[in-house]
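One-letter residues, chain by chain:
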Amino acid sequence: MFLCAVRPRQASLFRSVVAAMSTGTFVLLQPLNYRGGVRVEPADSCGTEKAFEPATGRVIATLQCSGEKEVDLAVKNSMLAFKSWSQKSGMERAQVLLEAARMIKEQKDAIATMETINNGKSVFEARQDVDTSWQCLEYYAGLAASMAGEHIQLPGGSFGYTRREPLGVCVGIGAWNYPFQIACWKSAPALACGNAMIFKPSPFTPVSALLLAEIYTKAGAPPGLFNVVQGGAATGQFLCQHPDVAKVSFTGSVPTGAKIMEMSAKGIKPVTLELGGKSPLIIFEDCTLENAVKGAMVANFLSQGQVCCNGTRVFVQKTILDKFIKEVVEQTEKIKIGDPLLEDTRMGPLINEPHLERVLGFIKSAKKQGATVLYGGKPYVPTDPKLKHGFYMTPCILTDCTDDMTCVREEIFGPVMSILSFENEEEVLERANDTIYGLAAGVFTRNIQRAHRVAAQLQVGTCYINNYNVSPVELPFGGYKKSGFGRENGRVTIEYYSQLKTVYVEMGDVESF
Ligand SMILES: NC(=O)c1ccc[n+]([C@@H]2O[C@H](COP(=O)([O-])OP(=O)(O)OC[C@H]3O[C@@H](n4cnc5c(N)ncnc54)[C@H](O)[C@@H]3O)[C@@H](O)[C@H]2O)c1
Ligand SMILES: NCCCC=O
């Protein structure tokens, strides 16, 4: 068994160590909080949490959940960093972000390996997540120097101008499905705007945010600019309720999002909420079928189906239903399930045992409600003996689904595709929009007018035309309805991490009463 104890200045050692690692060998012993530019044990704790390697079911770390005192220390430390960082020019901030992006690129394989060990997604996918992470840092580095206000001419030679200013210490709270990417997508725009950030990863995936923290420090960020506190709900609450926290950006479930908003409302803090979904994917008879099938696979089985924007309600026009089902089953049979660190694996384990049970429970209830399990949906034990306690299942295709079934209404967050049929555009639009969620949607058609007409009418934050689950950092990402508000990525996110000051300048005399 390999015991890894990596210190901040040992990044190159870390790289070679991780590159040499295989499934079933990693144990993390060093402190998991990051404050003031170094790893630290929390000053106090409110319990412990275990982090697993989903591929083997082994515990890789036991983390101390940060208590109120540790959260306060992290906030004070970040406030100090904010003082100097907020005074820097956009170009100066950009240099740090660009250097951090360069280091992420250089350490891509090591970061992806670590992510795979802690999260279970295939290393093939984890590398793509690392790419969208450094790209995000580069993107906001590019915007940092061009952030500017306006000059407004007023009567009598007086004038006004606006300054785009940072908010202060921002909190980022992450979900477990994209641990490194979420930390980057929140911190890059926050830091580019001149804020400091305290990030709390999910207790299931505490590891990769620390790699990012170390990279920021090495890239020249002042100590405390990006701190990491570990813990679960209680630690998250301490962060949201702290009076010196200026903003909370949250990624996670709808019920937790509601709590975050409530806590933030008490402190009049702006929030960004990136929440769950139950997105529709609409496949018209005039699509290119091969692309539509591939799109449905990407929309459902990426990251073992644990993706917020997955298109899990697959509406297929009746005339091509049989053909589509035949093709999608054939493609699903080919998915290689197993050790996520192997190059040709495309489906690893789910995040943990309770979640696996929950997903299997949805399939059971779908059967009870009349759906047909056409393919998969069963626990899976890989042949490799070291994987026998991992949290695997076969990808599942449900047919004969109806709009009122639980599997069609609720977010399953696992590899379960529900196929529904439809007759015409008007009908499918009404059904697609009949949900509390509004994160994403997809439409496959070769009719250009129809594609844009449908996209305009879908009540969602992102609509993919003839593709699915593509996340270029230049495009804003976020939800409508209960899938949240605020955006990540794109130019618009600058507005969510900054505030506007108006300055009035009098050029004449003050008129008296
Ligand atoms: N829209 C998006 O961009 C996006 C991206 C990824 C995941 N998600 C959603 O996230 C969910 C899965 O993630 P999850 O299971 O980690 O979600 P979750 O809501 O259980 O937890 C998310 C985070 O919130 C913390 N937390 C839990 N209770 C809290 C509280 N009372 N106060 C403060 N913090 C608290 C958790 O420790 C974790 O860090 C799914 O619904 C998925 O769709 C959304
Ligand atoms: N790749 C971005 C999607 C994150 C949602 O879970």
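Predicted model, so just to flag it, every value in this text is computed and none were measured.

A few points about the confidence of the model for the chain
Here is step 1 of the chain: The pLDDT averaged across the chain works out to 95; a share of 96% of its residues lies at or above 70.
Here is step 2 of the chain: In this model, residues 1-13 is a region of pLDDT below 50 whose contacts with residues beyond four sequence positions or in other chains number 26 contacts.
Here is step 3 of the chain: Our summary of model confidence lists the complex with pTM equal to 0.96 and ipTM equal to 0.97.

What about the environment of Tyr-375?
Here is step 1 of the chain: Following the sequence through the fold, Tyr-375 ends up in strand 16 (residues 372-375).
Here is step 2 of the chain: Expressed as a C-alpha distance, the spacing of Tyr-375 and Lys-501, which sit 126 residues apart in the sequence, is 58 Å.
Here is step 3 of the chain: Excluding residues that lie within four positions of it along the chain, Tyr-375 makes contacts with Val-329, Thr-332, Glu-333, Pro-395, Cys-396 and Ile-397.

Comments concerning the site of ligand 1
Here is step 1 of the chain: Around ligand 1, 29 residues are found, and the nearest of them are Gly-174, Ser-253, Thr-256, Leu-275 and Glu-411.
Here is step 2 of the chain: In the model, an oxygen atom of ligand 1 is placed 2.8 Å from a nitrogen or oxygen of the Lys-200 side chain.
Here is step 3 of the chain: Within the side chain of Thr-256, one N or O atom sits 2.8 Å away from an oxygen atom of ligand 1.
Here is step 4 of the chain: Summarising the interface, the protein chains cover 88% of the accessible area of ligand 1, which totals 850 Å² for the free molecule.
Here is step 5 of the chain: Put simply, the parts of the chain that give the shell around ligand 1 at least two residues each are helix 8 (233-241), strand 12 (245-251) and helix 9 (254-266).
Here is step 6 of the chain: For the shell around ligand 1, the leading source of residues is helix 9, giving 4 residues.

Section: the sheet that holds strand 15 (residues 313-317)
Here is step 1 of the chain: Strand order in the open sheet formed by 7 strands is 16-17-18-15-14-19-20, and the pairing between neighbours is mixed. The open sheet is flanked by strand 16 and strand 20 (462-465), the only strands paired with a single partner. Taken pair by pair, the neighbouring strands of this sheet meet at an average axis angle of 25 degrees, ignoring direction.
Here is step 2 of the chain: Sheet topology note: the strand 19 (residues 440-444)/strand 20 ladder contains 4 bridges and is parallel. Directly across from Ala-440, in strand 20, lies its bridge partner Thr-462.
Here is step 3 of the chain: Strands strand 14 (280-283), strand 15, strand 16, strand 17 (396-399) and strand 18 (416-422) of the sheet are contacted by helix 11 (residues 321-333), whose axis makes an angle of about 170 degrees with strand 18.
Here is step 4 of the chain: Together, strand 14, strand 19 and strand 20 form the strand contacts of helix 15 (residues 448-457), whose direction differs from that of strand 20 by roughly 165 degrees.

Some words on helix 11
Here is step 1 of the chain: Helix length check: helix 11, at 13 residues, gives a terminal C-alpha distance of 18 Å against a target of 18 Å (1.5 Å per residue), a fit within 8%.
Here is step 2 of the chain: Turning to helix 11, its buried residues number three or more, namely Leu-321, Phe-324, Ile-325, Val-328, Val-329 and Thr-332. Relative to the axis of helix 11, the buried residues are bounded by an arc of 125 degrees and lie together on one face. Turned more than 90 degrees off the buried face of helix 11, the exposed positions are Asp-322, Lys-323 and Lys-326.
Here is step 3 of the chain: Elements that come into contact with the buried residues of helix 11 comprise strand 14, helix 10 (289-301), strand 15, strand 16, strand 17 and strand 18.

Considerations on the sheet that holds strand 7 (residues 151-153)
Here is step 1 of the chain: Pairing is antiparallel in the open sheet, where 3 strands are placed in the order 7-8-22. Since the sheet does not close on itself, it has two edges, and those belong to strand 7 and strand 22 (498-505), each with one partner. Geometrically, the sheet is characterised by an average inter-axis angle of 20 degrees between neighbouring strands, direction not taken into account.
Here is step 2 of the chain: Sheet topology places strand 7 next to strand 8 (residues 159-166); 3 bridges connect them, and they run antiparallel. What sits directly across from His-151, in strand 8, is Tyr-161.

Notes on the pairing of strand 6 (residues 58-66)
Two faces make up the sheet, and in a regular strand the side chains alternate between them.
Here is step 1 of the chain: Strand direction decides the pairing type here: strand 5 (residues 45-53) and strand 6, joined by 7 bridges, are antiparallel. Residue pairing in the sheet places Ser-45 in a bridge with Ser-66 of strand 6.
Here is step 2 of the chain: With antiparallel pairing between neighbouring strands as the criterion, strand 5 and strand 6 make up a hairpin whose turn holds 4 residues, including Gly-57 at a positive phi of roughly 80 degrees.

Rules used in this analysis
Residues numbered from 1 in each chain as written. Chains lettered and ligands numbered in written order. Predicted model: local features only at pLDDT ≥ 70, side-chain atom pairs only at ≥ 80, totals over all residues. Heavy atoms only, no water. pLDDT = per-residue confidence, 0-100. Contact = heavy atoms within 4.5 Å. Helix = DSSP H or I, 4+ residues; strand = E, 2+ residues; numbered from the N terminus. Near = heavy atom within 4 Å. Polar contact = N/O pair within 3.5 Å; in protein donor to acceptor, adjacent residues only side chain to side chain. Areas by Shrake-Rupley, 256 points an atom, 1.4 Å probe, with all protein chains shown as cover. Pairing = 2+ DSSP bridges. Axes fitted to C-alpha atoms, helices over the stretch in contact; angles between N-to-C directions. Expected span 1.5 Å × (residues − 1). Buried < 20%, exposed > 50% of the residue type's maximum accessible area, 1.4 Å probe, protein only. Arc of directions from axis to C-beta.

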